[in-house]
Amino acid sequence: MKKITALVHNEFIKEFSKKSLLVILALVLALAAAFPFLSSRSWGGGDDSEYLERQLSWNEESIDTAKKTGDKSMLAYFEAERDALLIQKELGVTRYSDYRMDLINQYSALLQSQKAVEMASQGSLGGDSYLQLPPEAAGLDREGLKGLAGQMDAKVQRLLTVLRSGDPMQVASYNLEAQQVALQSNLNQQKAAEAAAKADPKDEFLAREAEAAKKTAEMQRARVALYQYRVDHKIGYGEDDYRSASLQQMEQNLSLQYEIPLDEQQFLSSQKGGQFAANMSYQQYLENLEKAAQESAEENQVLQYGLDNGVPPLYQSQKDPRTAAMNILNLGMLVSIVAVILGGSSIAREFSSGSIRLLLTRPVRRWKVYLGKYLTMVLVSAGLYLAMFLAMVLSSGLQLGFGGFASPVLAFAGGRVVSYNFWAYCLPRMAYAFIGILFTGSLAFCLSALTRNTAVSVALPIAANMGYSLVFQLCLALRLYFVRFTPVPYMDMGGLMGPNAAYQNKMLLQNYGFQLDPLYGGIMMMAFVALFYLLGLWAFAKRDVTN
């Protein structure tokens, strides 16, 4: 043990005597310290003011074209779009993540519907028009259309007033009213569909329509409850307010929780088009859909618990230092590169320079020399990973306050919402993410012993680390679903623990019929680590030392 410790000590001295390595480590640590600050600045998207100006320019060109061709419906369509863009410019809405963008889009659509009704009341709306009449215009005569146009103008003016108010709570109240109107429409549709199904109980199509209408109404009722909660608790639309972010996430989850399943013929048709796995049965599709709905409902319970108890759920705001610090899971590739540089050059460099002869003339068995070099790579990588995390914790705490780290992390387990200490939650996930780093570094170390070529042993693992995602997506496109049993989708172990992992797994389940299993992935990757180690050890112990 003393000899191995001495070997590791010597390797540390040798590696850290290189200025290039020290520069790389310093840059990685500096990036880790700056990452929480940089990520918080990019939260919510960038400035799209230049794109807005380009849209206005394109719109004016379309208006000129409509005037030249004399197409009144085209002219009305693009004039309505221009008016909405001008309102967007007036209000300074230059980010498409801005909560007012949805209202601006509604404003544009409402203007277009109003113009369609006005043209229809004048008898000038053709069948191939750019404009479409709203559903409420069906069956109305010209006088009725004129009345509807007046009502829509009142809606346009009210919406414009809400937009210009600059008051998020006015926006919230307006949205609530719109959702309540939509709910009443859904309930009417449900009632009509159920009546039709009851009148002809043998018609399977009508029965499915009634069930779909019921589910749509249930989803809309849940959506109304979220908007009502926002208004009752005076929750605005702040991009860094965890309460607003939680409500938005819950609304997104409703689409999965209440997704209407395809019938078998629709499923088979979509399957032929490549939307679903070729080997997925219709029953499996239904089971997967139910599982995704259950997971979405569980996540909403966690988010609701956080709202009701004033506990910020993880990943809901960049004002939360825990969220900023957990970005360490996204930086594993940086540590992997360092591990590859250390592992890929460790043995190959010794052989290429001939210094391996001097090292092996010592009374130390080869496996101990190999282990000493391998442990050096592992310890430096693990130390760098931990140092990066500490730098991110310090940076996040200084920027956002260290008190946030005292908040528990919420999760759903055992049929209920449970809470964990942040450190007890974070450190095991970091250890799991480190398996991916260890895999890449061990591959480089093995290649270093097998090929004795630094370029090969460094370039191949880095290429694998950077290209695994593309390979995974290509395999899915080609329906090579056995890829889930290989290391390819598990190269970024941190991604399996990150904020998007649950959603990505839901999509994999629905579209391809499988999910990535972190437990299986961890065991498999550690088996490969052991294989790489033993293969490299065999090559190092058996091959002759020649220059």
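Below: a short report on this structure. (Residues numbered from 1 in each chain as written. Predicted model: local features only at pLDDT ≥ 70, side-chain atom pairs only at ≥ 80, totals over all residues. Heavy atoms only, no water.)

**Points about the overall build of the chain**
Move 1: Regarding its fold elements, the chain presents 19 helices and two strands.
Move 2: For a compact globule of 547 residues, the expected C-alpha radius of gyration is about 24 Å, and the chain comes in at 30 Å, more than 25% above that figure.
Move 3: Oriented by its inertia axes, the alpha-carbon framework of the chain measures out at about 105 × 55 × 55 Å.
Move 4: Per-residue burial over the chain gives 45% buried out of 547 residues.
Move 5: Restricting to contacts in the chain with at least 6 residues of sequence separation, those with at least 24 account for 75%.
Move 6: Of the roughly 27,400 Å² of accessible surface on the chain, 58% is carried by carbon and sulfur atoms.
Move 7: Looking at charge distribution, the chain has the averaged site of its 50 positive side-chain charges lying 14 Å from that of its 50 negative ones. (Helix = DSSP H or I, 4+ residues; strand = E, 2+ residues; numbered from the N terminus. Rg over C-alpha atoms; globule rule 2.2 N^0.38 Å. Buried < 20%, exposed > 50% of the residue type's maximum accessible area, 1.4 Å probe, protein only. Contact = heavy atoms within 4.5 Å. Areas by Shrake-Rupley, 256 points an atom, 1.4 Å probe, with all protein chains shown as cover. Lys, Arg positive; Asp, Glu negative; His and termini not counted. Charge placed at Lys NZ, Arg CZ, Asp CG, Glu CD.)

**A look at helix H18 (residues 501–512)**
Move 1: With 12 residues, H18 extends 16 Å between its outermost C-alpha atoms, agreeing within 8% with the 16 Å of an ideal straight helix rising 1.5 Å per residue.
Move 2: Looking at H18, one finds that the buried residues are Ala501, Asn505, Lys506, Leu508, Leu509 and Gln510.
Move 3: Packed against the buried residues of H18 are helix H9 (242–257), helix H11 (282–309) and helix H17 (454–477).
Move 4: Directly beyond the C-terminal end of H18, a positive phi value near 80° is found at Gly513. (Expected span 1.5 Å × (residues − 1).)

**Section: the nonpolar core**
Move 1: Among the nonpolar cores identified, the biggest contains 78 residues, and Leu329 and Tyr385 are the most heavily contacted of them.
Move 2: Sort the elements by how many residues they give to this core and helix H16 (residues 422–451) lands first, with 16 residues.
Move 3: Filtering out sequence-adjacent residues up to four positions away, Leu329 remains in contact with Tyr315, Tyr385, Arg429, Met430, Ala433, Asp492, Gly494, Gly495, Met497 and Gly498.
Move 4: In terms of nonpolar packing, the next biggest core, distinct from the first, is built from 32 residues, Leu91, Leu103, Leu111 and Leu176 among them. (Core = buried A, V, L, I, M, F, W, Y, C linked by side-chain atoms within 4.5 Å.)

**What to know about the pattern of salt bridges**
Move 1: Within the structure shown, the criterion is met by 10 salt bridges.
Move 2: One salt bridge in this structure joins Glu177 and Arg158, with 2.7 Å as the shortest N-O distance. Here Glu177 is found in helix H7 (residues 168–199), whereas its partner Arg158 is found in helix H6 (residues 142–165), with 19 residues between them in sequence.
Move 3: We classify Arg158 as partly exposed; its relative accessible area is 38%.
Move 4: A salt bridge links Arg223 to Glu251, with the shortest nitrogen-to-oxygen separation between them at 3.2 Å. Within this pair, whereas Arg223 is found in helix H8 (residues 204–232), its partner Glu251 is found in helix H9, the two being separated by 28 residues in sequence. (Salt bridge = Lys/Arg side-chain N within 4 Å of Asp/Glu carboxyl O.)

**Observations regarding the pairing of strand S1 (residues 409–413)**
Move 1: As judged from the five bridges shared by S1 and strand S2 (residues 416–420), these two strands associate in the antiparallel manner. Across the sheet, Ala413 pairs through a bridge with Arg416, a residue of S2.
Move 2: From the end of S1 to the start of S2, which pair antiparallel, there are two residues, and Gly414 there has a positive phi angle of about 65°. (Pairing = 2+ DSSP bridges.)

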